[in-house]
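Remarks on the overall topology
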Amino acid sequence: MHRTDAVARLEERGARTPRSHPWEGGRRESEAAQVHPELSTRHGLPHLRALGAESRAREILHLQRVAGNAAVSSVLDMKSTGPVPDDQLDADARSPIGGPPSIAVQRKIGDGHDLSSPRFAGNHTLEAVFDNEQVLDRGSSGPAVKKVQQALIDFGFRLPKFGSDGSYGKETRAAVKSFQADAGIKGKDVDGVIGPQTMNELDLRAAEFPGPGKAIGNGSAPVVGGTGVSVTLPSKITATTTPELMAADRIPPRVDTPANIEVSGLAPIAAPVTLSIDGANAANGTVTIDGAATKDLRSGATVNLRGGVQTAPGNAGNLRLVASQAGTEIARGAPFSVSALPQFYTDAFVNDLLVGERRGVVVQDGWESDSGNVADLDQADISEQVEVTTETGCFAGGGGVVSGYLPASVFTQDTHSSGTATLTAPGHRVAQQTCMFRDKRTGVTDIPMRDSGYLIDRRCIKVGPGFRFLIKKIGTATTANGVPSGAGKGEIIRPPQVV
Amino acid sequence: MRPELFIRVNGRVIKAPEADIAVAEGYERWPDKGKLTDGRRLTIMATTRSYAVGDEVRIIHVLEVAADRPVYVSGPKPIFEEYVDGRLATAPLPSGEDPLEPASYDGPVVRGPRVDYNWDISTYRFSKPGMHQVVWKPGSLASNRLSIEVDAASLI
């Protein structure tokens, strides 16, 4: 800073004074009218000294604006230092009413009287406020205002309607007043206008919190928010019922999927971390967090995500868990969907085939939806895989089969049979059965279905002059046509059937 | 829903080549489907009706079943009783066997109406140019008669 005599003189009096007058341009007439009588009757340092530092500094600015720079220079025995080239001016260096800079600006960053927090340091406009060269008030706009607004939000002072929009309006002024009171500023200095004292308090408060984080997390790493809060979202939002081979992350509807959220470094006065689901709508799917659309956290917690409306086909992966603080996003999880999946195949005996040209058994297939409601599987299909591992005698030459995809929301019946025309010699056939599914909601296909494995064993044995047919189907962990699965539920062992 | 066709490779069942599935996709628009007999219709299809000598001709088989009839959907089911130029080109239908139900079957049985594409794909190569006819006639059923023109030009 160029230390002028006037500055030195004012500092001796305990005032933080302007190094120079910033810009021309008037305030609103009403405000000018409030100041001008004082200028006309009580101008001069004795009056200024009677005011608080912030008011004193602001008074000087008012004097400058109302009476003109020459007048104030005269009062303060200051001299302007000549115009500053345009390229040295801030892009956002605008007067509170948006007028262009028109006269000398005397300021330097690095002059020993600078903002110290990384959040504000180096911003020419805010440095100018700190140096009492201008104030931020209603009508101010630009990046500097935006920085202050974001800081206020991060410090827990709400700007619910406009947020950090870069325009200093009524809402910002109210938040500034709240901050001033919170910072211990007293009396008429609690006015919602940012002068050097308020800027100093903002700077001190900002120093308590590290600067704003840049990265938006992908869910795998903690992300530091603007107040130094660290949030770690789960690396994947997916239910434990999601098969390992399934690339798409999803949670089912109707049931809870726990998600561990780590939150640290949240100051007591800071706004809470708010969890929400980005992208939720009728097409992408809907999700509640502990039963509500949003969830506020002040510390780490395990929250329960519950799918509501399932993701419509063609809209997979449009949902994300988002952590924000006072409207500012600080972490974003990996994409996921809401979709029910089939699992836990069951088979139960229905009837034997004892007459006509077939021998064998009919079984009732069943499975579960991981949502608890099979009707939720209306966009899923199941394909049975059968691979023959033993084929001898009368059964030779058949080979395995697949069913192709059939709707998962409708249970089927399996037939395991052989034609009597075939059962004319001893033979043994062993087949492995598993299932895979596809899900149109998440766009996955050919995913092994959990616990859908069976062994199907049939024999034709000679008994006296004729043959007997024996068949059993037993839940077994196995692989069929390259589709592995754990054991399905059910054991059907039929007594010998007369061929 | 897109038709699913399968083939057997080394004892396993895998998806049929895309070109075969594309042929099956044309079933609804196929101009000369087989005759509907007792609620069942057999149709055979090929990529084109014009081939060169030595080209592989792949025959896609389709069973269309009317309402409430059972459909043995698992497969690919074997093709019996297919004739080329009047001569049996596949295995004959085993005595006493239902042509639409495999000798040993493991899988779902659903009710029609349904179009079932899950049949083996038969392949032929013609060594002589001219018109050739393929028909699938298992038991009392008969498919459309597929006429294939084989051209010698590609031999040049």
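Rules behind the numbers
- Residues numbered from 1 in each chain as written.
- Chains lettered and ligands numbered in written order.
- Predicted model: local features only at pLDDT ≥ 70, side-chain atom pairs only at ≥ 80, totals over all residues.
- Heavy atoms only, no water.
- Helix = DSSP H or I, 4+ residues; strand = E, 2+ residues; numbered from the N terminus.
- Buried < 20%, exposed > 50% of the residue type's maximum accessible area, 1.4 Å probe, protein only.
- Contact = heavy atoms within 4.5 Å.
- Areas by Shrake-Rupley, 256 points an atom, 1.4 Å probe, with all protein chains shown as cover.
- Buried area = accessible area lost by both parts, 1.4 Å probe.
- Salt bridge = Lys/Arg side-chain N within 4 Å of Asp/Glu carboxyl O.
- Polar contact = N/O pair within 3.5 Å; in protein donor to acceptor, adjacent residues only side chain to side chain.
- Core = buried A, V, L, I, M, F, W, Y, C linked by side-chain atoms within 4.5 Å.
- Expected span 1.5 Å × (residues − 1).
- Disulfide = S-S within 2.5 Å.
- Pairing = 2+ DSSP bridges.
- Axes fitted to C-alpha atoms, helices over the stretch in contact; angles between N-to-C directions.
- Phe/Tyr/Trp six-rings, centres within 6.5 Å; stacked < 30°, edge-to-face > 60°.
- Lys NZ or Arg CZ within 6 Å of the ring centre and 35° of its normal.
- pLDDT = per-residue confidence, 0-100.

1. Points about the overall build of chain A
A tally of helices and strands in chain A yields nine helices and 24 strands. Counting every position in chain A, which comprises 499 residues, the buried fraction comes to 53%. Of the contacts made within chain A by residues no fewer than 6 positions apart, 67% connect residues no fewer than 24 positions apart. Just so you have it, chain A exposes about 20100 Å², and 53% of that area is on carbon and sulfur atoms.

2. Here's the deal with the interface of chain B and chain A
In this complex, chain B contributes 26 residues to the contact, which on the side of chain A involves 34 residues. In total, chain B and chain A occlude about 2300 Å² of area from one another, counting both sides; carbon and sulfur atoms represent 44% of this. Counting across the chain B and chain A interface gives five salt bridges. Note that aspartate 106 of chain B is salt-bridged to arginine 458 of chain A, the shortest N-O span being 2.8 Å. Our count for the contact surface shared by chain B and chain A stands at 18 residue pairs in polar contact (both at pLDDT 80 or more). Elements that contribute at least two residues to the side of chain B that touches chain A include exactly β1 (6–9), β2 (12–15) and β9 (104–111) of chain B.

3. As for the nonpolar core
By size, the foremost hydrophobic cluster in this structure holds 40 residues, and its most contacted members are Leu5, Met45, Ile59, Ile60, Leu146 and Ile148 of chain B. Listing elements by their share of this core, those giving two or more residues are α1 (18–25), β3 (40–45), β5 (56–65), β6 (70–72), β9, β12 (130–136) and β13 (146–151) of chain B. Tallying contributions element by element places β5 of chain B first for this core, with six residues. Leaving out residues up to four positions away in the same chain, isoleucine 59 of chain B has contacts with Ile44, Met45, Ala46, Glu82, Asp120, Ile121, Ser122, Tyr124, Leu146 and Ile148 of chain B. Listed in part, the 26 residues of the second largest apolar core include Ile237, Ile251, Val263 and Leu305 of chain A.

4. A short note on helix α8 (residues 170–182) of chain A
Three- or four-residue spacings in an α-helix give side chains the same orientation, since the helix completes a turn every 3.6 residues. Residue and element names in this part refer to chain A. If you check α8, its first and last C-alpha atoms are 18 Å apart, about what 13 residues at 1.5 Å a residue would give, namely 18 Å. Inspection of α8 places Glu171, Thr172, Ala175, Val176, Phe179 and Gln180 among the buried residues, and these make up the whole buried set. Phi for glycine 184, located one or two positions after α8, is positive at around 90°.

5. What about the state of the cysteines?
Covalently bonding the sulfur atom of one cysteine to the sulfur atom of another cysteine gives a disulfide. According to the stated counting rule, one finds zero disulfides over all chains in the structure shown. Just so you know, cysteine 460 of chain A is unpaired, no disulfide at all, and the nearest cysteine sulfur is the one on cysteine 394 of chain A, 4.4 Å from it.

6. Focus: the environment of isoleucine 461 of chain A
All names here are of chain A. Secondary-structure assignment places isoleucine 461 in strand β19 (residues 454–463). Residues isoleucine 461 and glycine 427, spaced 34 residues apart in sequence, show a C-alpha to C-alpha distance of 6.9 Å. Among residues more than four places away in sequence, those in contact with isoleucine 461 are Gly466, Phe467, Arg468 and Leu470.

7. Side note on helix α7 (residues 143–154) of chain A
Here α7 of chain A contains 12 residues, and its C-alpha end-to-end distance of 16 Å stays within 8% of the 16 Å for a straight helix at 1.5 Å per residue. Among all positions in α7 of chain A, only Ala144, Val145, Val148, Gln149, Gln150, Ala151, Leu152, Ile153 and Asp154 of chain A are buried.

8. Description of the sheet that holds β9 of chain B
On the basis of which strands lie adjacent, the open sheet formed by five strands has the order β12(A)-β13(A)-β16(A)-β9(B)-β6(B) and antiparallel pairing. The outermost strands of the open sheet, each flanked by one partner alone, are β12 (342–353) of chain A together with β6 of chain B. If you compare each strand with its neighbour and ignore which way they point, the axes differ by 30° on average. Where strand β16 (residues 413–419) of chain A and β9 of chain B come together, five bridges link them in antiparallel fashion. Paired with histidine 416 of chain A across the strands is aspartate 106 of chain B, a residue of β9 of chain B.

9. Some points on the packing of aromatic side chains
Within the structure shown, the criterion is met by seven aromatic pairs over all chains. Arranged with centres 5.0 Å apart and planes meeting at 85°, the rings of tryptophan 367 of chain A and phenylalanine 411 of chain A form a pair that is edge-to-face. Of this pair, tryptophan 367 of chain A sits in strand β13 (residues 358–369) while phenylalanine 411 of chain A is found in the loop between β15 (401–407) and β16, placing the two residues 44 residues apart along the sequence. Residue classification places tryptophan 367 of chain A among the buried positions, given a relative accessible area of 6%. In this structure an aromatic cluster arises from ring pairing among Tyr345, Trp367, Phe411 and Tyr454 of chain A. Positioned over the ring face of phenylalanine 467 of chain A is lysine 462 of chain A, at 5.0 Å from the centre of the ring. Its guanidinium or amino end placed over the ring of tyrosine 27 of chain B, lysine 33 of chain B lies 4.5 Å from that ring's centre, counting from NZ or CZ.

10. Details of the pairing of β2 of chain B
Sheet topology note: the β1 of chain B/β2 of chain B ladder contains four bridges and is antiparallel. Considered in β2 of chain B, the bridge of arginine 8 of chain B is made with valine 13 of chain B.

11. What about the pattern of salt bridges?
Scanning all chains against the criterion turns up 32 salt bridges over all chains. Two residues, lysine 473 of chain A and aspartate 414 of chain A, come together in a salt bridge whose shortest N-O distance is 3.2 Å. With lysine 473 of chain A in strand β20 (residues 466–475) and aspartate 414 of chain A in strand β16, this residue pair connects regions lying 59 residues apart in the sequence. Per residue, the accessibility class of lysine 473 of chain A equals that of aspartate 414 of chain A, and both read buried. Two residues, glutamate 25 of chain B and arginine 2 of chain B, come together in a salt bridge whose shortest N-O distance is 2.9 Å. Linking glutamate 25 of chain B in helix α1 with arginine 2 of chain B in the segment before β1, this pair joins segments that are 23 residues apart in sequence. The network of salt bridges with common partners includes Glu391, Arg429 and Arg458 of chain A together with Asp106 of chain B.

12. Considerations on the confidence of the model for chain A
Residue and element names in this part refer to chain A. Per-residue confidence for chain A gives a mean pLDDT of 79; residues scoring 70 or more make up 73%. Segment residues 1–107 is flagged for pLDDT under 50; beyond a separation of four residues in sequence, or across chains, it makes 194 contacts in the model. Segment residues 210–221 is flagged for pLDDT under 50; beyond a separation of four residues in sequence, or across chains, it makes 37 contacts in the model.

13. Let's talk about the confidence of the model for chain B
All names here are of chain B. Of all residues in chain B, 97% attain a pLDDT of 70 or more, and the chain-wide mean is 93. The spread of mean pLDDT over the elements of chain B runs between β2, the lowest at 92, and strand β7 (residues 82–84), the highest at 98. Across the interfaces of the predicted complex, the ipTM metric reaches 0.93, alongside a pTM of 0.67.

14. Remarks on the sheet that holds strand β7 (residues 294–297) of chain A
Residue and element names in this part refer to chain A. Judged by pairing direction, the sheet is antiparallel, and its four strands sit side by side in the order β7-β5-β9-β10 without closing on themselves. In this open sheet, the two edge strands, each paired with only one partner strand, are β7 and β10 (328–332). Neighbouring strand axes in the sheet, compared pairwise and without regard to direction, differ in orientation by 30° on average. Pairing geometry for strand β9 (residues 320–325) and β10, over four bridges, is antiparallel. Among the inter-strand pairings, alanine 323 is bridged to a residue of β10, identified as alanine 331.

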